[in-house]
Amino acid sequence: MRIAIVGTGSMGSVYAGLLGAAGNEVWAVDTWEEHVAAIRERGLRVEGASGDRIVRVAATTRPEEIGAVDLVVLATKATHVRDAAVAARTLLGPDTLVLTIQNGLGSAEVAAEVLGDERVAIGVAGGFGASLLGPGHVHHHGFELVTLGERHGPATARIERVADVWRAAGFRVETDDDVDRLVWEKLVCNVCFSGTCTILGRTIGEVMDETSAWHVATGCAVEAFDVARAAGIALRFDDPVEHVTAFGRRIPGARPSMLLDRLAGRRGEVDAINGAIPPRAASLGLEAPVNATVTALVKALENADAHTG
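This text gives an overview of the structure that appears in the document.

Conventions and cut-offs
Residues numbered from 1 in each chain as written. Predicted model: local features only at pLDDT ≥ 70, side-chain atom pairs only at ≥ 80, totals over all residues. Heavy atoms only, no water. Helix = DSSP H or I, 4+ residues; strand = E, 2+ residues; numbered from the N terminus. Rg over C-alpha atoms; globule rule 2.2 N^0.38 Å. Buried < 20%, exposed > 50% of the residue type's maximum accessible area, 1.4 Å probe, protein only. Contact = heavy atoms within 4.5 Å. Salt bridge = Lys/Arg side-chain N within 4 Å of Asp/Glu carboxyl O. Axes fitted to C-alpha atoms, helices over the stretch in contact; angles between N-to-C directions. Parallel < 35°, antiparallel > 145°, perpendicular 65-115°, else oblique. Nonpolar A, V, L, I, M, F, W, Y, C, P; charged D, E, K, R; others polar. Core = buried A, V, L, I, M, F, W, Y, C linked by side-chain atoms within 4.5 Å. Expected span 1.5 Å × (residues − 1). Polar contact = N/O pair within 3.5 Å; in protein donor to acceptor, adjacent residues only side chain to side chain. Phe/Tyr/Trp six-rings, centres within 6.5 Å; stacked < 30°, edge-to-face > 60°. Lys, Arg positive; Asp, Glu negative; His and termini not counted. Arc of directions from axis to C-beta. Pairing = 2+ DSSP bridges.

### Here's the deal with the overall build of the protein chain
Consideration 1: Within the protein chain, the secondary structure is distributed over twelve helices and twelve strands.
Consideration 2: In terms of overall size, the protein chain behaves like a compact globule, its C-alpha atoms giving a radius of gyration of 18 Å where 309 residues would be expected to give roughly 19 Å.
Consideration 3: Expressed along its principal axes, the backbone C-alpha trace of the protein chain runs to roughly 50 × 45 × 35 Å.
Consideration 4: Counting all 309 residues of the protein chain, 55% fall into the buried class.
Consideration 5: Long-range contacts, defined as pairs at least 24 residues apart, comprise 68% of the intrachain contacts of the protein chain with a sequence gap of at least 6.

In structure tokens:
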């Protein structure tokens, strides 16, 4: 399969490396010129739970030089999905599928606005704990699960074909008929760890081990759980604390991408993660004060970082 990964940060680099190692023609598309140059010169090194390998994949900052592909994976941060979707227009052929794989809420809707509702499907990845160690070099703590589905209705033949390609690359992949459930099940974990780890500068395991930090983190998760249930999302668990505990124990040494963004001097995705809960809660007659406070504190830290930087 001919595949373009648009946004080869930590998770995008894992996708590009493993899909490329499986024999697909993979293009890594990114605006970070040093990263692209390193991939071209030395290959893309992927190490961690899947092993340690250097993979030769094509890389460019100019998607228009690629031509049409079979699959586009939008793997940018949620805040950059619109720009990535616009850049991906030149990659589309008659049957190209666009897969959005982001944390938080709203990315698939943004991509569909730009590229067309019928082209866009959703992926949910969990339990990887990936981080870039440098240009052309990514590490991931876990190797858990990628779930794929259509935005509307049950999984289709095109989703199953893409799932088989990812399985052949070593990913554990499931397809699902209810992507809203998938997004919210992951979001409960994201809101638990992302904001709290970012504020404190701690790993997932360190937050779990500190009583006060864990109280805040699980407070975020419970609020998200309550909002999902009130919205009619058919979550497959009844205890949000048990859910996030099981998730966190699989990757205790990982740092959420929001914390990695802050450490790198970038603004993170707090509006799509913790910040997405209070307005959804309000629309349902609920409140989400813990997520609202965590969101405000993350933004305050980012503002301070920008001022001092």
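Picking up after the structure, the text goes on.
### Structural notes on the pattern of salt bridges
Consideration 1: A full pass over the atoms with the stated rule returns 19 salt bridges.
Consideration 2: Where R40 meets E65, a salt bridge forms, and the shortest distance between an N and an O atom there is 3.9 Å. Of this pair, R40 sits in helix α2 (residues 33-42) while E65 sits in the loop between β5 (58-60) and β6 (69-74); the two residues are 25 residues apart in sequence, bridging distant segments of the chain.
Consideration 3: R40 gets classed as partly exposed once you look at its relative accessible area, which sits at 49%.
Consideration 4: A salt bridge links D164 to R167; the nearest nitrogen and oxygen atoms lie 2.8 Å apart. Linking D164 with R167, this pair stays in helix α5 (residues 157-168), spanning three residues, or about one helical turn.
Consideration 5: Classification of D164 as partly exposed rests on a relative accessible area of 46%.

### With respect to the packing of helix α6 (residues 179-200) against helix α9 (residues 240-250)
Consideration 1: Relative orientation of the contacting elements α6 and α9 amounts to 75°, with a least axis distance of 10 Å. Classified by the angle their axes make, α6 and α9 are roughly perpendicular. Taking contact as the criterion, the partners of E185, V188, C189, C192 and F193 in α6 are, on α9, P240, H243, V244, F247 and G248.
Consideration 2: Considered class by class, the residues forming the contact of α6 with α9 number seven nonpolar, two polar and one charged.

### Here we look at the nonpolar core
Consideration 1: Within the largest apolar cluster, 63 residues are counted, with the highest numbers of intra-cluster contacts made by L74, W184 and F193.
Consideration 2: In this structure, F193 is in contact with I204, M208, W214, V244, F247, G248 and P256, ignoring residues within four places of it in sequence.
Consideration 3: Of all hydrophobic cores here, the second largest spans 37 residues; its members include L19, V36, V46 and L148.

### Side note on helix α8 (residues 211-230)
Consideration 1: The end-to-end C-alpha distance of α8, which contains 20 residues, comes to 28 Å, matching closely the 28 Å that a straight helix rising 1.5 Å per residue would cover.
Consideration 2: Of the residues making up α8, those classed as buried are A213, W214, A217, T218, G219, C220, A221, E223, A224, F225, V227 and A228.
Consideration 3: Packed against the buried residues of α8 are α6, α7 (204-209), α9, α11 (277-283) and α12 (289-308).
Consideration 4: The N-terminus of α8 is capped by E210, whose side-chain oxygen sits 3.1 Å from the backbone nitrogen of S212.
Consideration 5: After α8 finishes, the residue G232 shows a positive phi value of roughly 85°.

### Details of the packing of aromatic side chains
Consideration 1: Per the stated rule, a full pass over the model turns up nine aromatic pairs.
Consideration 2: Note on F143 and F171: the rings are 5.7 Å apart at their centroids and 45° apart in plane angle, and the pair reads as tilted. Remark: F171 occurs in the loop between α5 and β12 (173-175) and F143 occurs in the loop between β10 (137-140) and β11 (145-150); sequence separation between them is 28 residues.
Consideration 3: Taken together, the ring pairs in this structure connect Y15, F128, F143, W166 and F171 into an aromatic cluster.

### Remarks on the side chain of E269
Consideration 1: Considering the arrangement of structural elements, one finds E269 in the loop between α10 (257-263) and α11.
Consideration 2: One buried charge, E269, has no salt-bridge partner; the nearest side chain with opposite charge is K77, at 4.3 Å.
Consideration 3: Among the polar contacts listed, one links the side chain of E269 to the backbone nitrogen of A78, at a separation of 2.5 Å.
Consideration 4: Ignoring any residue separated from it by four or fewer positions in sequence, one finds E269 in contact with K77, A78, N103, S257 and M258.

### Remarks on α9
For an α-helix, 3.6 residues make a turn, and residues three or four places apart therefore share a direction.
Consideration 1: Turning to α9, its buried residues are P240, V244, T245, F247 and G248. One side of α9 holds all its buried residues, which, seen down the axis, span an arc of 165°. Facing away from the buried surface of α9 by more than 90 degrees, the exposed residues are E242 and R249.
Consideration 2: Along its buried surface, α9 packs onto β8 (120-126), α6, α7 and α8.
Consideration 3: N-capping of α9 is provided by D239, with a side-chain oxygen placed 3.0 Å from the backbone N of V241.

### Digging into the pairing of β10
Consideration 1: Alignment of strand β3 (residues 44-48) against β10, held across four bridges, turns out to be parallel. Bridging from a neighbouring strand, G48 pairs with H140 of β10.
Consideration 2: Across four bridges, strand β9 (residues 130-134) lies against β10 in antiparallel orientation. By the bridge assignment, L132 is partnered in β10 with V138.
Consideration 3: Counting the residues between successive antiparallel strands, the hairpin from β9 to β10 contains two residues, one of them, G136, with a positive phi of roughly 75°.

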